[in-house]
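Observations on the model geometry
Each chain, written out:
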Amino acid sequence: MRMKVAAAAALVLVVSAACSKTTEDGEEVDQTRTATGVIATDPKDSLGPAAEVPGATKGGTFTVIRENKISHLDPQRVYSFAGLMNAPLYARSLTAFKDDGKGKLTLVGDLAETPGTNVNKDCKVWEFKVKDGVKFEDGSPITSKEIAYGIARSFDPDLTGGPTYVQEWLADTADYDTKWNFKANKASLPPGLTTPDAKTIKFEFAKPRCDLPFALSLPSSAPLPPAKDTGVNLDNQPFSSGPYKITKHTPGVELVMERNEHWDAKTDPVRHQYPDKFVWSFGPDPDAGANRVIADTGGDAAALAFNGVPSALVSKVEGDAALKGRTITSPTPSAWRLTINTQRVTDLSIRQALNYAIDRQGLITVYGGTTVASPLTTLMPPATIGYKEYDAYPAGATGNPEKAKEVLAGKAPELVLGIGDDSTELGTQLKTNLEKAGFKITVRTIPADAKLDETKKKDNPWDIWLDQWAADWPSGAAILPVLFDGRSIKAEGNSNTSYFNNDAINTEFDRVLAMDPSAQASEWSKIDEKIMKEQAPAVPLFVEVAYYVHGSKAGGVFISSVFGYPAFVNAYVKQ
Amino acid sequence: MARFLIKRLLSVSLTLFAVSVVSFLMFFALPKDPVTGMCPKNCNAERLERVRQELGLNDPKVEQYAAYMKGIFVGRDLGSAQGGKCEAPCLGYSYVNSEAVTDTLGRVLPVTLSIVIPAAILWLLLGVGLGMLSALRRGTLVDRLAIGFSLTGASMQLYFVGALLLLIFTYQLKIVPVPHYTSILDNPFDWASGLVLAWIALAFLFSAIYARLARAQMLETLSEDFVRTARAKGLAKRTVYGRHALRAAITPLVTIAGLDVGAALGGTVITETTFGIQGLGRTAVYAVRGGDLPMIMATVLIAAVFVVIANLVVDLLYAAIDPRVRLS
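Computed from a predicted structure; not experimentally measured.

What chain B contains, in helices and strands, is 13 helices and 4 strands. Each principal axis of the C-alpha atoms in chain B carries an extent, and together these give about 85 × 55 × 35 Å. Put simply, chain B has 328 residues, and 36% of those count as buried. Contacts in chain B between residues at least 24 apart in sequence constitute 65% of all its contacts with a sequence separation of at least 6.

Written out as structure tokens, the structure is:
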């Protein structure tokens, strides 16, 4: 899971409720779109080729401009948003999301023929069959052996940065590298991972792991032939299994990917191979990157500014009729909430009163005006599969202080608000807002770079603070149990920062987590509502909305429904 | 002269040794645990300790410093987590860039050199030339224009001038390409066109200061007795100004130029950021932001080396310009 820090706010985030924007094709994009998703049960869904993108043409160079380098390219180490959006171009996983860019997601088999077989229907044994005809960049076939090797090498503690779900599930401990030593056992596989034959890869877990098909959509399940493993050095020159291969990489300056002639579109249900080349150009700051794209000259006409539209350029971009067809806006799965420390705020009526009192509109205005974010009244963001909208404490866009006072029944709770020293204006807004409803708020600033670690400490001294969560896959399983299962609370490093522990809710988590993933979606929405109505351990606030600009010749880019960042699998250069 | 040179080189060595010690100790003084960047997610105390042990961070600091210096002179094995064998001059492994620090520096140093050296030549020629002209034409329109130019330049900021140049020449007129770096060996024209705006911005700002200094120095020198004597002897104006006055006036400028160029080579952070070019300055900034301690140490060391070398060159130039320095 990635809890994004405030740096993510560098993106300009646009709004909101019933608002929509026109894309280059004149198509309306609903900014509050909700995710509808399924896990493909028909193997045909996992077959290629991917449906042609209307108007797409072959050829040209598609450029992505970004200030900083991508932190890791080694598929087993990729975990940043830029890395996750780039990796599908050169790395295939066991599963992948087929994303229509409008919120419809289907989990399909990528290297696998299907998104997995839940062998005993208990989520403890999963089997995947590798497709025929899948190849590496040198033309050698991809078999279960190379996929298993890729997963095995993610146990290597030298290969830092990547997700650790599969390793922890296989080892049944967070200290997975103490359970199985990759370096000492390179010829074997971690416990629970087997390859009965060249087409089959099998996972056996001690506990039900129903989210495995989702976790395997991350690039960490990408294959690698052992002979091509260069350890930490693979990070700068990965070995491709996708439609493009890395032909030049100058860290921090440029990444060039050209067509992999051994990639077969017929085996790939999600990717295309339209441009001759993809080039990541690193260096320009967000302003310079956007200005280059707006100028629309030379190669930049087929470019996208990955850092988004900086706030200084929003009015210019919005006011320029020529740019109308060159912007993309979309909500992201990044959800903000006012966390309530339930260890300290034990009175349910106080937590409920906070929900009635909250002025979302005021907070969004301070966060960046009316073009910053979209209000949220649920714990899961709308981009979650099976999402159902509800408002457990209806109080209007600006909150209802009178209703809050009524719930407080004469109490005047004194609460300590912890706020990062880079967002004190949000703290001031919250204090003003909540004090109107009868709360007495003491604002305590926390150094911004320490806030995340400090609020994750169980015995921290704050009652309420702002938190942000973006899940690795759009399932309630990657959100609710992570944020609200009290059995996972430890001294430090908590994701359950409400320190909420309720036996009935925990039992519900167990019940749903044991269900087949395709049946879980609607159950998570029910639990979401139950938690809010009965316990109110947080105040949902808003989701960020992304705003990007691209050149006049750049086509096919859409905002990933999974990560909320531009996806390049359909990208093409207009000829 | 040889004795002078040896003394200066010894002094340089001692300074660099001191800087290496300070930058090495910085590794431990910074409020960032060097192992956190090497530790995977969900890192607990036990694992942190294991990583610390693997990196040799529990060894006595003197031993660690000796290993660091050994790496610089003969190379060393950094272990599998840090790319294995690191050839001399080894300055450690950047876990942010996933490569040896020297590989990164080898890539970004030519960029910074390409920005600073041509810009320095431009600002010195323009600044000193304008200052001299202004002094020689004191009170005329040329003087007033030169003063106006230098006042404007001295009161501007690079991020403003740079952004203005970009806006006009790259985004509006579209006659200069987006700033970028190409090796001069690969394509000299592309090299120049990619950096020309950075040179102009730097030259404009720096030359303004040099013009004011040069004007003041020249005016002071022109009022000296030896200049009057030279004139009285009937020497040509060109000889008086060029050989006698300029030589005397330029000495303090050489000191300032040496320091400026040395500091600029240590990292033109604002220039590189404004123009989106990845040189030593930006690398240092990213290293600080990412807590990339080996890279921070290396950039501090390199910046110090540039300043020290620039000072050495200034000393040598002094010796060439002023015979009294040679004698002492």
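On we go from here.
It is worth spelling out the interface of chain A and chain B at this point. Counting residues at the interface gives 26 residues for chain A and 22 residues for chain B. For the side of chain A that touches chain B, the element with the highest residue contribution is helix H6 (residues 286–295) of chain A, accounting for 4 residues. Classifying every residue of the side of chain A that touches chain B by side-chain character gives 9 nonpolar, 11 polar and 6 charged.

Moving on, we come to the environment of A:Arg351. Residues and elements named next belong to chain A. Examined against the element boundaries, Arg351 turns out to sit in helix H8 (residues 348–357). Residue classification places Arg351 among the buried positions, given that 24 C-beta atoms sit within 10 Å. In this structure the C-alpha to C-alpha distance between Arg351 and Ile340, which are 11 residues apart in sequence, comes to 7.3 Å.

What follows concerns helix H8 (residues 225–232) of chain B. Counted residue by residue, H8(B) has 0 buried out of 8 residues, so it is predominantly exposed. Just beyond H8(B), the residue with positive phi is B:Gly234, at close to 90°.

A word on the environment of A:Lys436. All names here are of chain A. The residue Lys436 is located in the loop between helix H11 (424–435) and strand S18 (440–446) in this model. Taking the number of C-beta atoms within 10 Å as the measure of exposure, Lys436 has 15 and is therefore partly exposed. For the pair Lys436 and Lys405, spaced 31 residues apart in sequence, the C-alpha to C-alpha distance is 9.1 Å.

This paragraph deals with the domain arrangement of chain B. As assigned here, chain B comprises domain 1 (32–90) and domain 2 (103–327). Just the C-alpha atoms count here: the centres of domain 1 of chain B and domain 2 of chain B sit 39 Å apart.

Residues and elements named next belong to chain A. What the 4 strands build is an open sheet, ordered S7-S8-S10-S9; its pairing is antiparallel. Among the strands making up the open sheet, the edge pair consists of strand S7 (117–118) and strand S9 (193–197). Here strand S8 (residues 125–129) pairs with strand S10 (residues 200–204) via 5 bridges, running antiparallel. Residue Val125 lies in a different strand from S10, and its bridge partner there is Glu204. Lying on the sheet, helix H2 (residues 144–153) is in contact with S9 and S10; it crosses S9 at an angle near 170°.

All names here are of chain B. Taking the numbering used here, the UniProt-annotated feature "transmembrane region" (unreviewed entry) corresponds to residues 9–30, 111–133, 145–171, 191–211 and 296–321. With 89% helix and 0% strand, residues 145–171 has its two end C-alpha atoms placed 29 Å apart. With 100% helix and 0% strand, residues 191–211 has its two end C-alpha atoms placed 28 Å apart.

Turning to the environment of A:Tyr356, a few remarks are in order. All names here are of chain A. Tracing the backbone through its elements, the reader meets Tyr356 in helix H8. Between the C-alpha atoms of Tyr356 and Ala470, which are 114 residues apart in sequence, the distance is 25 Å. When neighbours within four sequence positions are excluded, Tyr356 is seen to be in contact with Tyr393, Ala395, Gly399, Asn400, Lys403, Ala404 and Val407.

Turning our eyes to something else, we now look at the packing of helix H7 (residues 188–222) of chain B against helix H9 (residues 237–265) of chain B. Residue and element names in this part refer to chain B. At a closest axis distance of 8 Å, the pairing of H7 and H9 adopts a crossing angle of 150°. Relative to H9, the element H7 is oriented roughly antiparallel. As for the relative orientation of H7 and H9, their crossing is right-handed in sense. Between H7, through Phe206, Tyr210, Leu213, Ala214, Gln217, Met218, Thr221 and Leu222, and H9, the contact on the second element is made entirely by Ala245, Ala248, Ala249, Pro252, Leu253, Ile256 and Asp260. Residue composition of the contact of H7 with H9, by class: 12 nonpolar, 2 polar and 1 charged.

The next point concerns unusual backbone geometry. In this structure, A:Pro49 follows A:Gly48 across a cis peptide bond, with omega equal to -5°. Residue B:Pro89 follows B:Ala88 across a cis peptide bond; omega there is -5°. Topologically, B:Pro89 is positioned in the loop between strand S2 (85–86) and strand S3 (93–94). Positioned with a positive phi, A:Asp296 is a non-glycine residue whose angle comes to about 60°. Structurally, A:Asp296 can be placed in the loop between H6 and strand S14 (303–305). Even without being a glycine, A:Ala536 presents a positive backbone phi close to 45°. Following the sequence through the fold, A:Ala536 ends up in the loop between helix H15 (517–534) and strand S20 (538–549). Taking the C-beta count within 10 Å as the criterion, A:Ala536 has 24 such neighbours and is therefore assigned buried.

Judged by nonpolar contacts, the single largest core of 158 residues is most densely connected at A:Leu304 and A:Leu480. The biggest single contributor to this core is S20(A), with 10 residues. Not counting chain neighbours up to four residues away, the residues in contact with A:Leu480 comprise A:Leu379, A:Met380, A:Phe509, A:Trp524, A:Ile527 and A:Asp528. Within the second largest apolar cluster, 67 residues are counted, among which are B:Leu105, B:Met132, B:Ala198 and B:Tyr241.

As a further point, take helix H11 (residues 280–290) of chain B. It helps to recall that an α-helix has 3.6 residues per turn; residues three or four apart then point in one direction. Residue and element names in this part refer to chain B. Along H11, the residues that are buried comprise Leu280, Gly281, Arg282, Thr283, Ala284, Tyr286 and Ala287. Those residues of H11 that are buried are in contact with helix H4 (101–136), helix H10 (269–275) and helix H12 (293–321). In the segment just after H11, Gly291 is the residue with positive phi, at about 65°.

Once that is clear, we can look at the pairing of S18(A). All names here are of chain A. The pairing of strand S17 (residues 414–420) with S18 spans 7 bridges and is classified as parallel. For Leu417, the partnering residue across the bridge sits in S18 and is Val443. A crossover links S17 with its parallel partner S18, the connecting element being H11, and its sense is right-handed.

Residues and elements named next belong to chain A. An order of S16-S20-S15-S19-S17-S18 is seen for the 6 strands of this open sheet, with the pairing classed as mixed. Each edge of the open sheet carries a strand with a single partner, namely strand S16 (373–375) and S18. Averaged over all neighbouring strand pairs, the angle between strand axes comes to 35°, with direction disregarded. Taken together, the 3 bridges between S16 and S20 define a ladder with antiparallel strand orientation. Within the sheet, the bridge partner assigned to Ser374 lies in S20 and is Val543.

Residue and element names in this part refer to chain B. Taken as a whole, chain B shows an average pLDDT of 86; of its residues, 93% reach a score of 70 or greater. Mean pLDDT across the elements of chain B ranges from a minimum in helix H13 (residues 323–327), with 60, to a maximum in H4, with 93. Predicted complex, confidence summary: ipTM 0.78, pTM 0.84.

All names here are of chain A. One ladder, built from 6 bridges, connects strand S11 (residues 244–250) with strand S12 (residues 254–259); its direction is antiparallel. Bridge pairing links Thr250 to Glu254 in S12. A loop of 3 residues connects S11 with S12, the two strands running antiparallel in sequence, and Gly252 in this loop sits at a positive phi of about 80°.

A separate point is the packing of H4(B) against H12(B). Packed helix pairs are characterised by how far apart their axes lie and by the angle those axes make with each other. Residue and element names in this part refer to chain B. At their nearest, the axes of H4 and H12 sit 10 Å apart, and the two run at 45° to each other. Considering the angle they form, H4 stands oblique to H12. As for the relative orientation of H4 and H12, their crossing is right-handed in sense. Contacts between H4 and H12 involve Val101, Thr104 and Leu105 from the former and Pro294, Met295, Ala298 and Ile302 from the latter.

How each quantity is defined
Residues numbered from 1 in each chain as written. Chains lettered and ligands numbered in written order. Predicted model: local features only at pLDDT ≥ 70, side-chain atom pairs only at ≥ 80, totals over all residues. Helix = DSSP H or I, 4+ residues; strand = E, 2+ residues; numbered from the N terminus. Buried ≥ 20, exposed ≤ 12 C-beta atoms within 10 Å, placed from the backbone. Contact = placed C-beta atoms within 7 Å. Nonpolar A, V, L, I, M, F, W, Y, C, P; charged D, E, K, R; others polar. Domains from an automatic or database assignment. Pairing = 2+ DSSP bridges. Axes fitted to C-alpha atoms, helices over the stretch in contact; angles between N-to-C directions. UniProt positions renumbered as here; feature names shortened; annotations may be inferred. Parallel < 35°, antiparallel > 145°, perpendicular 65-115°, else oblique. Left-handed = near helix turned anticlockwise from the far one by under 90°. Core = buried A, V, L, I, M, F, W, Y, C linked by C-beta atoms within 7 Å. Right-handed = clockwise from strand over helix to strand, strands pointing away. pLDDT = per-residue confidence, 0-100.

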